[in-house]
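What follows is each chain in one-letter form.
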Amino acid sequence: MNKKKHLPSPFISLLPLVVLVLMLVATIRAYGSDALLGASQVTLLVVSAFCVLLGTTVLGVPWADFERMITKNVASVTSAIIILLLIGALSGTWMVSGVVPSLIYYGVRIIHPDVFLASTCVISALVSVMTGSSWTTIATIGIALMGIGRAQGFDDGWIAGAIISGAYFGDKISPLSDTTVLASGAAEVPIFKHIKYMLITTVPSLVIALVIFTIAGFLQQSSSSAEIDQFTSALAGRFNISAWLLVVPILTGVMIARRVPPIATLFLSTLLAVVFALIFQADALREIADGDLFKGAMQSVYGQTSLSTSNPMLTSLVATRGMAGMMGTIWLIICAMCFGGAMEAGGMVRGITQMFVRMIRGRVSLVASTVCSGLMLNLAVADQYICVLLTGNMFKKIYDRQRYERRLLSRTTEDSVTVTSVLVPWNTCGMTQSTVLGVSTLTYLPYCFFNLISPIMSICIAALGYKIWRTTEPTQEEPIH
């Protein structure tokens, strides 16, 4: 009998995850914030090798299957890697051109510190609904909001938590969101029917998060008016602050609204920022490249830049890393895809899912099993798109057999997979947002209240049975063992 056909036991399926977590804990303790410079990548590759060893020796899976699945996984993130490089370029050029400094300058004067966290969450949510992309939202307005929050004296974890909470709310309910389309498509549910049903769990989760951010805003000690004035004066002294620079984010918003592809939008927005940098920040570009205007503009796109200011915090804030600054994240993503591919080829992913399937006894356990499976897939596969598809495909027949509408599956998939991907340090979303915001995943994780509440809310609504209906006819699907 061919061992390849056998599903791994729960112990074998979970063993690589346990080893990964233990090794990452040891790595982070040894290297601290420098773990992403290479140690974490090596850890992922070592655990990937451990998966292959388990698969080939214990489960009888041939090496060719591992090679094929790893190659497929790495290929699946090609467009994400290009987007990451462009996000690095956009972050650098938006900062050096004065776009982000202008947004910070005006934002600090408009947004009162007491309502900053709640306002940040709402602004991020609105932008994300319009763009359909948490990545684009965080890479643009998110960076500006980080600057405003730091100027007002808020901790990085709180600021990043508010940004991510809002961004993933919008990503989850926008009809332009790729994860929304994927989740509804995987469960074969019309997209607007899927979005309408999601509001039942998503809106209460956001309301609770906003209440927490509002209370925290009033309780936190913010910077004094004198400190904020000093910060804005330093901004105005370093950059040519102008309302004309807001043309760049406005035109970027127009491109997004017209559904220009993300890669094209990011590229054109970067190019536009370079033009504005040449017009408004020529002195800064010359300072970056020892008097060479052209080299200064190029370096803002691909490399590190550092501009001296009269405020130490501002000097740190306006330093950029460009496309080169994303290489560590890209390296980590490729290693994470190797781990996810090894887990999938070895059958460990299916083993983890089936472990939760066996626990299903009713409506609440069905939703809870879907939530837990989605969370475990985010840990194991390290890519939200693959996890969304796997969760939808694996649970469709189970929901049919239990005679529950598939929109319950599509909603639960979003409640568990989409919003929690950013909380996993080695997931593509966690790595990306941590790099873009300059805040470690474990630092912002406790403050991403919307992302933490959503899975719990999904189970609570299932327990209440609110607007959860059975289908009229049972299906004749074979049981899944």
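Residues numbered from 1 in each chain as written. Predicted model: local features only at pLDDT ≥ 70, side-chain atom pairs only at ≥ 80, totals over all residues. Heavy atoms only, no water.

Describing the packing of helix α21 (residues 406-418) against helix α24 (residues 449-464)
And then number 1: Two elements in contact, α21 and α24, have axes separated by 7 Å at closest approach and are oriented at 150 degrees. Accordingly, the angle class assigned to the pair α21 and α24 is roughly antiparallel. Helix-helix and strand crossings are classified by hand; for α21 and α24 the assignment is left-handed. Residue-level contacts link Arg-411, Thr-412 and Asp-415 of α21 to Ser-454, Pro-455, Ser-458 and Ile-461 of α24.
And then number 2: Of the residues assigned to the contact of α21 with α24, the class counts are two nonpolar, three polar and two charged. (Axes fitted to C-alpha atoms, helices over the stretch in contact; angles between N-to-C directions. Helix = DSSP H or I, 4+ residues; strand = E, 2+ residues; numbered from the N terminus. Parallel < 35°, antiparallel > 145°, perpendicular 65-115°, else oblique. Left-handed = near helix turned anticlockwise from the far one by under 90°. Contact = heavy atoms within 4.5 Å. Nonpolar A, V, L, I, M, F, W, Y, C, P; charged D, E, K, R; others polar.)

Topic: the side chain of Ser-205
And then number 1: Here Ser-205 lies in helix α10 (residues 191-219).
And then number 2: The buried category is assigned to Ser-205, whose relative accessible area is 0%.
And then number 3: Separated by 2.8 Å, the side chain of Ser-205 and the backbone oxygen of Thr-201 make a polar contact.
And then number 4: Setting aside anything within four residues of it in sequence, one finds Ser-205 in contact with Phe-450, Ile-453, Ser-454 and Met-457. (Buried < 20%, exposed > 50% of the residue type's maximum accessible area, 1.4 Å probe, protein only. Polar contact = N/O pair within 3.5 Å; in protein donor to acceptor, adjacent residues only side chain to side chain.)

A few points about the pattern of salt bridges
If the charged atoms of two oppositely charged side chains come close together, the side chains can form a pair.
And then number 1: Tallied over the full model, the rule gives eight salt bridges.
And then number 2: Among the salt bridges present, the one from Asp-65 reaches Arg-68, with a minimum N-O distance of 2.8 Å. With Asp-65 and Arg-68 both in helix α3 (residues 63-76) and three residues apart, this pair spans about one turn of that helix.
And then number 3: Judged by relative accessible area, Asp-65 falls into the buried class, the value being 11%.
And then number 4: Among the salt bridges present, the one from Asp-156 reaches Arg-150, with a minimum N-O distance of 3.0 Å. (Salt bridge = Lys/Arg side-chain N within 4 Å of Asp/Glu carboxyl O.)

Quick look at the state of the cysteines
And then number 1: Counted by the stated rule, this structure contains zero disulfides.
And then number 2: Lacking any disulfide linkage, Cys-51 is separated from the closest cysteine sulfur, that of Cys-338, by 11 Å.
And then number 3: Free cysteine Cys-335: the closest other cysteine sulfur is in Cys-338, separated by 6.0 Å.
And then number 4: Judged by its relative accessible area of 3%, Cys-335 is buried. (Disulfide = S-S within 2.5 Å.)

Side note on a nonpolar patch on the surface
And then number 1: On the surface, Leu-199, Val-203, Val-207, Val-211, Ile-215 and Leu-219 cluster together into a nonpolar patch covering about 520 Å² of accessible area.
And then number 2: If you trace the backbone, Val-207 turns up in helix α10.
And then number 3: The partly exposed category is assigned to Val-207, whose relative accessible area is 45%. (Patch = residues over 30% accessible without salt bridge, like charges linked within 9 Å, V, L, I, M, F, W, Y side chains within 5 Å. Areas by Shrake-Rupley, 256 points an atom, 1.4 Å probe, with all protein chains shown as cover.)

Digging into the packing of aromatic side chains
And then number 1: Counted by the stated rule, this structure contains nine aromatic pairs.
And then number 2: Summarising the aromatic geometry, the rings of Trp-158 and Phe-449 are spaced 5.7 Å apart at their centres and angled 45 degrees between planes, so their arrangement reads as tilted. Pair noted here: Trp-158 is in helix α8 (residues 156-173) and Phe-449 is in helix α24, with a separation of 291 residues, a long-range link.
And then number 3: Phe-449 gets classed as buried once you look at its relative accessible area, which sits at 14%.
And then number 4: Where Phe-213 meets Phe-449, the ring centres are 5.3 Å apart and the plane angle is 65 degrees; that geometry is what we call edge-to-face. Of this pair, Phe-213 sits in helix α10 while Phe-449 sits in helix α24, and the two are 236 residues apart along the sequence. Considered together, Phe-213 and Phe-449 belong to a single accessibility category, that of buried residues.
And then number 5: Lying over the aromatic face of Tyr-197, Arg-411 brings its terminal NZ or CZ to 4.2 Å of the ring centre. (Phe/Tyr/Trp six-rings, centres within 6.5 Å; stacked < 30°, edge-to-face > 60°. Lys NZ or Arg CZ within 6 Å of the ring centre and 35° of its normal.)

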